[in-house]
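# Results of the structural survey
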Amino acid sequence: MNVLLTGTAGSAGWPEPGCRCASCSALPPGHRRPFGLVVDGAVPFPFADPPAGYQALAGGLGLAGPDGSRLLCLPRGHAVPSGEPGRYDVVLIDLLDRPERLGELRRAGQVDEGTTVVAVGLDHRVRSEEELARRLRLWGALAVPDGTELDVVPGRGAGTARRTARRALLLGGSRSGKSAEAELRLAAEPHVTYVATGPGGAGDGEWAARVRAHRERRPAHWSTAETTDLVTAIRTATGPLLIDGLGTWVAAVFDEHGAWEGDRAPVAGRCDELVAAWRQAPEPIVAVSDEVGMGVVPATSSGRAFRDALGRLNERLAAESEYVALVVAGRLIEL
């Protein structure tokens, strides 16, 4: 099966004509043309009524060729097809629209390490080609120029490995975008456990609304563990973990040991245990933490103790991490 991508952008192209946004303004006209797909020079997308020898799959979103090769195209707004067993050799997918759809495909076995995953529908939802490339490396996908031809051979796709660090620590201030970046890093994984360390919000309507917003934006196929026992969560993990966040964990540990005004040695011991578990983590971890070293000195002894404990923990975990970044206004500063 030969796949020709006549265009790789969204319906209006990238840049979008007449658009003055930062993304479009940085690119020359016609940088990427609207998405177009032709198979074997004669079968256009969508594949509603393919010629003899071809079989439409997934309601016209997929196609099986005479040689048994299988292609799936998931444009913006389309859900992952259900009831379609078997893997695909090539998947063309709009990853700027719910990248967790790629995780769903992996979870269902429709995409594996040998599947070639190509991002299409590209447009100003991402600020630059460089940012697009960064995300695709995390998700195990690639972008190709307009006019690219892909020769699809059954079972012999050129898969793209996901380039994720074993341990990633994301620091930032309040509303900096650090949690959203953490979720983005793991968006295309088939199995993720979201470890929530904060309270559920009972009795506090504003906090409960924040918790609800976090839950609603996470992929539906992720599991959630609400716990402060991070050592056990890390040591028993069987897939990637997203820990959000270390600031609320330190506060909970202070509460558990009555350390705000009492003995703070147990807090240091819990931090020692966490660092040891982090260092030997069996599965990838992305942790979110508050950067506490840029504000004013807290006015109370308990506030200073919390700041010092979290700051030291951040420093120690960073020393044991392959990837550390500071998130400011949604932008990454790699450390």
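Refer to the structure presented above.
This write-up is about the structure you can find in this document. (Residues numbered from 1 in each chain as written. Predicted model: local features only at pLDDT ≥ 70, side-chain atom pairs only at ≥ 80, totals over all residues. Heavy atoms only, no water.)

### Section: the sheet that holds strand β14 (residues 285–290)
Note: strands within a sheet are paired through backbone hydrogen bonds, in either parallel or antiparallel orientation. The condition is simple: Any two strands between which DSSP finds at least two bridges are classified as paired. A helix here means a DSSP run of H or I that spans at least four residues, while a strand means a run of E at least two residues long, and both kinds are numbered starting from the N terminus. Only the stretch in contact is used when fitting a helix axis, every axis being a line fitted to C-alpha atoms; angles between N-to-C directions are given from 0 to 180 degrees.
In spatial order, the strands read β12-β11-β13-β14-β10-β15-β16; together these seven strands make up an open sheet with mixed pairing. Each edge of the open sheet carries a strand with a single partner, namely β12 (223–226) and β16 (331–334). Averaged over all pairs of adjacent strands, the angle between their axes in this sheet comes to 20 degrees, without regard to strand direction. For strand β11 (residues 193–196) and strand β13 (residues 241–244), the ladder comprises four bridges, and the chain directions are parallel. The residue bridging Ala196 from the neighbouring strand is Asp244, located in β13.

### Quick look at the pairing of β14
The two faces of the sheet receive side chains in turn, since in a regular strand these alternate between them. Selection rule: Burial classification: accessible surface area is computed with a 1.4 Å probe over protein chains only, and a residue below 20% of its type maximum counts as buried, one above 50% as exposed, and the rest as partly exposed.
Here β14 lies mainly inside the structure; five of its six residues are buried. Relative to β14, strand β10 (residues 167–172) runs parallel, the two being bridged by six bridges. What sits directly across from Arg167, in β14, is Ile285. Pairing of β13 with β14, which is carried by four bridges, proceeds in the parallel orientation. Opposite Asp244, over in β14, you have Val288 as the bridge partner.

### Some words on helix α7 (residues 246–256)
The following threshold applies: Residue contacts are defined here by distance: any two heavy atoms, one from each residue, within 4.5 Å place the two residues in contact.
Among all positions of α7, only Leu246, Gly247, Trp249, Val250, Ala252, Val253 and Phe254 are buried. At its buried positions, α7 is contacted by β10, α6 (230–235), β13, α8 (265–279), β14 and α9 (301–319). Phi turns positive one or two residues past the end of α7, at Gly258, with a value near 55 degrees.

### Some details on the pairing of strand β2 (residues 36–39)
In this structure, strand β1 (residues 2–7) lies alongside β2, joined through four bridges in antiparallel fashion. Across the sheet, the residue bridging to Gly7 is Gly36, located in β2. Inspection of the sheet shows β2 paired to strand β3 (residues 43–44) by two bridges, in the antiparallel sense. Residue pairing in the sheet places Val38 in a bridge with Pro44 of β3. Counting the residues that bridge the hairpin from β2 to β3 gives three residues, and of these Asp40 lies at a positive phi of roughly 55 degrees.

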